Amino acid sequence: MHLARFPRVKLFPAPTPLHRLENLSRELGADIWIKRDDCTVVATGGNKVRKLEWLIGEARAQGATHVVTQGAVQSNHVRQTAAVAAMYGLKCTALLEHRIETNDRDYLQGGNVLLDKLFGCEIEYRPGGIDMNAEAEKKGAELRATGVKAYVIPGGGSNKVGALGYVSCAQELVRQADEMGLKIDRLVTATGSAGTHAGLVVGLEGENAGIPVLGIGVRLPKDRQEENVFRLAEATADYVGVRGGIARSAVVANCDYVGKGYGIPTEGMVAAVRMLARLEGILLDPVYSGKAMAGMIDLIRSGEIRKSETVVFLHTGGAVGLFGYGETFAGEA
Ligand SMILES: *Cc1c(COP(=O)(O)O)cnc(C)c1O
């Protein structure tokens, strides 16, 4: 794969750190490593920064002056997009979906929302349950009708362009592990709008790495999540020219840790966030990495992930979201 064919802006120093979680490994009697994509620098970091290298690269190549995107109220993707838009002098309009019913002030005003506003992002709200990518396209068309050069980024930056960020991350991880002499048996990541998971699957396939990816779902049931990831992986593989495409069996999601729904806290998530904070000094987030870590810990404890495996957890960031969930973490435990 020759990714330099595609326009890109460089947003952070690569590679992001890859290190062993010594205390968590000891606690679980396992061999757990972490890839620190929470350390992608821009706007406190996170996985969307990798996608934005390619999305904003393409927006600039097309002469855009304005980006439009969408997400849930506490979207990390919107926060990172707003920051990168500011860096490149692009206007940013974000549509925030009331995906969760709540009157909680922290959720509605704090965390990511506070930062969106600091980055000068123009926010519009939408009710929950509507087709938000269609709304974003509509907004983009409205702007274009007034002569604005608008570039629309789908939710989570998850299309074949954004997924290049995780094709590239897979290449980076394989190179890094080879240099360290680290044999990886499995890569675990949160999977939501699918771009991260799909990009990793394509990148690892393109590298012929033989490292299986397990996506831990945060929203949809397993069959729908895997279908979304597979569809995007196929489009991405085609875009970057991976010969032979992607096997359906390469896309595996476990969606047993979603709880009541997207962005709704679970006991396992709260325990996992506390555990990583107290054992490792690492901040996870309540919506994605906390639930993914809760899933990984449970699968290790139950033996579904064998303790002899070397597992790498991709930390996709999101700790800003903790400040949108003050109440959830307020109690002592
Ligand atoms: C968006 C996000 C994810 C999920 O990545 P997708 O590419 O949308 O599947 C995981 N973790 C965090 C912190 C995120 O913001």
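Scroll up to find the structure this text is about.
Bear in mind the structure is a predicted one, so any value in this text is a computation, not a measurement.

Once that is clear, we can look at the nonpolar core. Core analysis: the biggest nonpolar cluster contains 101 residues, and Leu187, Met293 and Met296 have the highest contact counts within it. Per element, the largest residue contribution to this core is eight residues, and it comes from helix H7 (residues 164–180). Beyond its immediate stretch of four places on either side in the chain, Met293 contacts Leu24, Ala272, Leu276, Leu284 and Phe313. Counting residues in each nonpolar core, the second largest holds seven residues, with Leu95, Met132, Leu143 and Ala150 among its members.

When you tally the buried positions in strand E4 (residues 91–98), you get six out of eight residues, the bulk of the element. Looking at chain direction, strand E3 (residues 66–72) and E4 are connected through seven bridges and run parallel. When the bridges of E4 are listed, Val68 appears paired with Thr93. Each parallel crossover has a hand, and the one from E3 via helix H3 (residues 76–87) to E4 is right-handed. In this sheet, strand E5 (residues 122–127) lies alongside E4 in parallel orientation, the contact comprising six bridges. Looking across to E5, one finds that Leu95 is bridged to Glu124.

Turning to a negative patch on the surface, a few remarks are in order. Together, Asp223, Glu227, Glu234 and Asp238 make up a region of like negative charge exposed at the surface. Structurally, the position occupied by Asp223 is in helix H9 (residues 222–240). Accessibility expressed as a relative area gives 55% for Asp223, which makes it exposed.

Turning next to the packing of H7 against helix H8 (residues 195–206). For the pair H7 and H8, interaxial distance at closest approach is 7 Å and the crossing angle is 50 degrees. With respect to each other, H7 and H8 are oriented oblique. As for the relative orientation of H7 and H8, their crossing is right-handed in sense. Along its contact with H7, which presents Tyr166, Val167, Cys169, Ala170 and Val174, the element H8 presents Gly195, Thr196, Gly199, Leu200, Val202, Gly203 and Leu204. Split into classes, the residues belonging to the contact of H7 with H8 amount to eight nonpolar, four polar and no charged.

The omega angle of the peptide bond from Ala14 to Pro15 is 0 degrees, so this bond is cis rather than trans. Relative to the helices and strands, Pro15 resides in the segment before strand E1 (18–20). With a phi angle near 70 degrees, Val41 is a residue other than glycine that sits in the positive phi range. Within the element layout of this structure, Val41 appears in the loop between strand E2 (31–36) and helix H2 (47–61). Overall, the relative accessible area of 52% leaves Val41 in the exposed class. In the Ramachandran plot, Ala43 falls in the positive-phi region, its phi being about 55 degrees despite a non-glycine side chain. The topology assignment puts Ala43 in the loop between E2 and H2.

On to the sheet that holds strand E9 (residues 252–254), then. Strand order across the open sheet formed by six strands is E1-E2-E10-E7-E8-E9, with mixed pairing between neighbours. The strands lining the two open edges of the sheet, one partner per strand, are E1 and E9. Taken over all neighbouring pairs, the strand axes of this sheet differ in orientation by 30 degrees on average, direction set aside. Inspection of the sheet shows E2 paired to strand E10 (residues 310–315) by six bridges, in the parallel sense. The partner of Arg36 across the bridge, within E10, is His315. Running over the sheet, H7 touches E1, E2, strand E7 (186–191) and E10 and is turned about 130 degrees from E2.

Evaluation of the coordinates by the stated rule reveals three aromatic pairs. Ring centres 4.6 Å apart and planes at 35 degrees place the aromatic pair Phe6 and Tyr239 in the tilted group. Of this pair, Phe6 sits in the segment before E1 while Tyr239 sits in helix H9, and the two are 233 residues apart along the sequence. What makes Tyr239 partly exposed here is its relative accessible area of 23%. With a centroid separation of 5.7 Å and an interplanar angle of 90 degrees, the aromatic rings of Tyr107 and Tyr325 are classed as edge-to-face. In this pair, Tyr107 sits in helix H4 (residues 105–109) while Tyr325 sits in the segment after E10, placing the two residues 218 residues apart along the sequence. Judged by relative accessible area, Tyr107 falls into the buried class, the value being 4%.

Calculation notes
The residue numbering used here restarts from 1 in each chain and proceeds along that chain's sequence as written. Local features in this predicted model are restricted to residues whose pLDDT is 70 or higher, and side-chain atom pairs enter the listing and the counts only when it is 80 or higher, whereas totals over whole chains, interfaces and linings include all residues. Side-chain calculation: all heavy atoms of the structure are included, whereas hydrogens and water are not. Residues belong to a common nonpolar core when they are buried Ala, Val, Leu, Ile, Met, Phe, Trp, Tyr or Cys residues joined through side-chain atoms within 4.5 Å. Here the term buried applies to any residue with accessible area under 20% of the maximum for its type, exposed to any over 50%, and partly exposed to those in between, with areas from a 1.4 Å probe on protein chains only. Segments assigned H or I by DSSP are reported as helices when at least four residues long, segments assigned E as strands when at least two residues long, and all are numbered from the N terminus. Throughout, a residue-residue contact means that at least one pair of heavy atoms, one from each residue, lies within 4.5 Å. A pair of strands is considered paired only if DSSP assigns at least 2 bridges between the two. If the strands point away from the viewer and the path from the first strand over the helix to the second runs clockwise, then the crossover is right-handed. Patch building starts from residues that exceed 30% relative accessible area and form no salt bridge, then joins like charges within 9 Å and nonpolar side chains (Val, Leu, Ile, Met, Phe, Trp, Tyr) within 5 Å. We get accessible surface area from the Shrake-Rupley algorithm with a probe of 1.4 Å; when it comes to residues, only the shown protein chains can shield them. We define a salt bridge as a contact between a side-chain nitrogen of Lys or Arg and a carboxyl oxygen of Asp or Glu at a distance within 4 Å. His is not counted here, nor are the chain ends, while Lys and Arg score as positive and Asp and Glu score as negative. Just so you know, the charge point we use is NZ for Lys, CZ for Arg, CG for Asp and CD for Glu. Fitted lines through C-alpha atoms serve as axes, helices being fitted only where they are in contact, and the angles separating the N-to-C directions of these axes extend from 0 to 180 degrees. Here the angle decides the label: under 35 degrees means roughly parallel, over 145 means roughly antiparallel, 65 to 115 means roughly perpendicular, and every other value means oblique. By the definition used in this description, the sense in which the near helix is turned from the far one sets the handedness, with an anticlockwise turn below a right angle giving left-handed and a clockwise turn giving right-handed. For this classification, Asp, Glu, Lys and Arg are treated as charged, while Ala, Val, Leu, Ile, Met, Phe, Trp, Tyr, Cys and Pro are nonpolar and the rest, including Gly, are polar. The pairing test for Phe, Tyr and Trp rings, Trp by its six-membered ring, is centres within 6.5 Å, and the orientation test on the planes gives stacked under 30 degrees, edge-to-face over 60, and tilted for anything in between.

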